[in-house]
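This is what each chain is made of:
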Amino acid sequence: MRILVVEDEKVAARRLARLVKEVLGDKTTTVDIRESLEESQQYLARHSIDILLLDLNLSGQNGFDLLTRAVAESFQTIIVSANTDQAIRAYEYGVLDFVPKPFEKERLMRAFERLEKPPAQPVPQPAQVLVVRNQGRLQIIPVDQVLYLQGAGDYAEIHLRDGGVALHSKSLESLERILPGRFSRTHKSYIVDMREVVNVHIHGGGKYELELRDGIVLPLSRSRYKELSERLAQG
Amino acid sequence: MYRSTLTAFILLMCAFVALSPAQEEFDESFDGPEYVFFDETPITDLVGWRTFYGDSMAWADPAYDDTHWEWDKGSGLWISDGGPGKGTRWYRKEIFFPGALESGRSLALYQVAAVSASEIYWDGQLVARNGEVGESPADEVPGRSGRVFPIHRSLTSAGRHVIAMRMSNHHSFSGLVAPPVQLAYFGVIQMRLFRSGALALFLAGIFVVTAIFHIAMLLGHANKWPSALFSAFCLSCATYIVIQSMLRYFQIDLGYYFLLGTLNDIPWFFMMSLLPIFFLFEFSAPYQKRLSVLIAVMTLAIVLMPRFAAFGVLPVEWLPALDRMNRIQSISTIVLSIFVTVWAIRRRRPGSVTVLVGLLIFLIGAYVSYRTRAEHGWAIGFAFVILVITVSLSRQMAERNRRHQETQLRSARLEIELLKRHIQPHFLLNSLNSIVAWLEEEPKTAGRLVNALADELRMLLSFSSRKTIKLEREIRLCEAQLKVMSLRQEKRFEMRTEGIDGSERLPPLVIHTLVENGLTHGYRGKDHGVFTLRGGRRDKTLTLMLHNDSAAEARREDFVEGTGLRYVRTRLEEAFPGRWSLAAGPVDDGWQVTVEIEGEGA
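What you see is a predicted model; the values in this text were computed from it and never measured. (Residues numbered from 1 in each chain as written. Chains lettered and ligands numbered in written order. Predicted model: local features only at pLDDT ≥ 70, side-chain atom pairs only at ≥ 80, totals over all residues. Heavy atoms only, no water.)

What follows concerns the overall build of chain B. A count of helices and strands for chain B gives 16 helices and 18 strands. Looking at the 602 residues of chain B, the share that counts as buried comes to 50%. Taking all contacts inside chain B whose residues are at least 6 apart in sequence as the whole, residues at least 24 apart take part in 75%. (Helix = DSSP H or I, 4+ residues; strand = E, 2+ residues; numbered from the N terminus. Buried < 20%, exposed > 50% of the residue type's maximum accessible area, 1.4 Å probe, protein only. Contact = heavy atoms within 4.5 Å.)

Laid out in structure tokens, this is it:
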């Protein structure tokens, strides 16, 4: 895993890098440290990473600038900061976790666990908006406007209620870890807002389909069928 | 600007004194009876007398030929007419009634005040006796002021009449003779006396109540000068008008009349000097103390000089001019007050416009009453002015209360904000995070950081509620902060001072906040930072310049008005209201913030 630490206090940055290596062990590919927003942007322009560990208060520069840009990217962002008053907003923007300073190794470990395992339970503090890069500009999409998401290679297509489509740099796997619990992975290529499902169609040959409110029909994987039909029967 | 306007004002006042009209001189060539029309002039001032020093009962005879007697110059004092202050003297005047009096009414003579004792003969008949006229102090019995003498109808037929006054002056000094007597219908005089007396008491009441009000305002007021000066002014007005009324209506023993009149110079002096001095303090005008002394000295001179002349200390011939100067003084006082108020308006001092309107109305009123000799004219004007000022002051007080409450609230909020800013979780937690990191790498460094942090916290807690602290303590706090940040960021920050003796006073955490601003905005990518605090005093202005050698790229950022600077501005305003300035901007080798504080306390 390729990791970038953005932290302006050197000693704190060294400790964070050290702990990351301890937690990830062999899975660590690179851990690099950058002190400022400019430096980290230059770094990100040239390197692709899997995880960004970001201090939200970077010597007076607005860490949210970088945060907004970061959450639009393919990598996951974990905030490591003493500014706990900004945690709620950070979660709304779709960070994977917010680790308050000072922290112990165990807390960092828990943050990385969110990355590793698919969530058994709904995401505790899910994103409220999705930030996407649209022709070089950042566009903020409220999660409430999202109908379903469709995987397209490393990207994800976001299908909106108004029929629009946006492209997110994150994979479906990554988005699944930050979206609210009502979004469910119904298929290896789809995440659907379950409130929008009106019917489940069963076709012969183990083929299942979901019908959404607007008449949209999406494939449903067999493994998810049983669980969903129960949920729909109850609902 | 202020000085040149002031000079212009003084020159203007001199010109005003020089050009002001002398008291009307009587036409000496006029000879013959004065016609009296009661329907045109209800109260006739009997002026223009022939006068002679000496005593002879033959002079009461209407047939006596007085053409060789001198004309009375009417200056008001025997001594200024060239005569002695004491002695015996006669006055004669011829009057003419064109028609008969209204039926059923009779005339009366009203003698405001004369010399110690007097007798009045109407066509040779004694009609008034005020005290006992005598040749020597032993013979003389002083009369009383403000007497009214009715004249029997049988004496006041149409045609020519001769009034002769026999006067002696041994108990009183000099003697007031202008106007010696007034002639009117008895009822008219009584009504006039009643009205004037009632008006005087009414005005005195206004002055006293206003004075009490402003004395009450003194309590719990930070700047006591304006209210104290103003209540003193009101009390002077009240005292003056009460004494004046006693002289006219309370029938004072004429032996003490002149003494009491002279005593009234004291409240008059305070009235004339305190009004402009009050405005100087009320509007915080420059040179207020020096100008106050100047006004007081000038007023004292103007008040005292006629008295000096009357007592022979100054040449007696100066008396008419000095008297004239004294009389126009109420106008010059108002003009001076207007000058201060106009200055205050240009400086946008609260309440100044209201006060100016009041003063202008009074100026017009004072001039009119000076020209028409209206009774209590100036007092009515002053009463009006003090009401206007009271309204203006009350409004300002309300405004000040509001602002005071706001400031209190704001500084309470600021103190919390300050503690949050410096001891807030974010600062503390980041420091703790660094301590944890150092513990794992270099426990000794962790220990140093803990100590530096503890030092800073102790100082922060002890300062934050103070209004001002000594600069040396603030510098120690900054050094602790720089030590904490040096250890946290593994950079070398230092504080240098030039021209600071440490005893200067500033609101707490002002420099600290500016240093912190420099730290957050200026040292990305630099390992060494120097903060230099330069200071100096010139005249009464303390200048502090905080310079930091921050990175060039950081300086391109705009200087943001964050909570830090808002804090600095509010604390400066709280400690040195209206006399500080703050400027910040890039300089060749870094960033510089300049704080200037005028006046004392810094």
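Let's shift gears to the confidence of the model for chain B. Counting all residues, the mean pLDDT for chain B is 82, and 86% of those residues have values of 70 or more. Our summary of model confidence lists the complex with pTM equal to 0.53 and ipTM equal to 0.83. (pLDDT = per-residue confidence, 0-100.)

Residue and element names in this part refer to chain B. The biggest cluster of nonpolar side chains holds 53 residues, and the ones touching the most others in it are Met495, Ile511, Val515, Phe531, Leu533 and Leu572. Here the element with the most residues in this core is helix α13 (residues 471-489); it accounts for nine residues. Listed in part, the 50 residues of the second largest apolar core include Phe233, Tyr240, Phe269 and Val340. (Core = buried A, V, L, I, M, F, W, Y, C linked by side-chain atoms within 4.5 Å.)

Attention shifts here to the interface of chain A and chain B. Contacts between the two partners involve 20 residues from chain A, matched on the other side by 18 residues from chain B. On the surface where chain A and chain B come into contact, there are seven salt bridges. One salt bridge in this structure joins glutamate 440 of chain B and arginine 18 of chain A, with 2.8 Å as the shortest N-O distance. For the pair chain A and chain B, the interface holds 10 residue pairs in polar contact (both at pLDDT 80 or more). Here the side of chain A that touches chain B takes six residues from helix α1 (residues 10-24) of chain A, the largest share from any one element. Looking at the side of chain A that touches chain B residue by residue, the class counts come to five nonpolar, six polar and nine charged. (Salt bridge = Lys/Arg side-chain N within 4 Å of Asp/Glu carboxyl O. Polar contact = N/O pair within 3.5 Å; in protein donor to acceptor, adjacent residues only side chain to side chain. Nonpolar A, V, L, I, M, F, W, Y, C, P; charged D, E, K, R; others polar.)

Tracing the backbone through its elements, the reader meets glycine 578 of chain B in the loop between α16 (563-575) and β17 (580-587). Residue classification places glycine 578 of chain B among the exposed positions, given a relative accessible area of 69%.

Moving on, we come to the state of the cysteines. Taken as a whole and judged by the stated rule, the model has zero disulfides over all chains. Distance from the sulfur of cysteine 234 of chain B, which forms no disulfide, to the nearest cysteine sulfur (cysteine 237 of chain B) is 6.2 Å. (Disulfide = S-S within 2.5 Å.)

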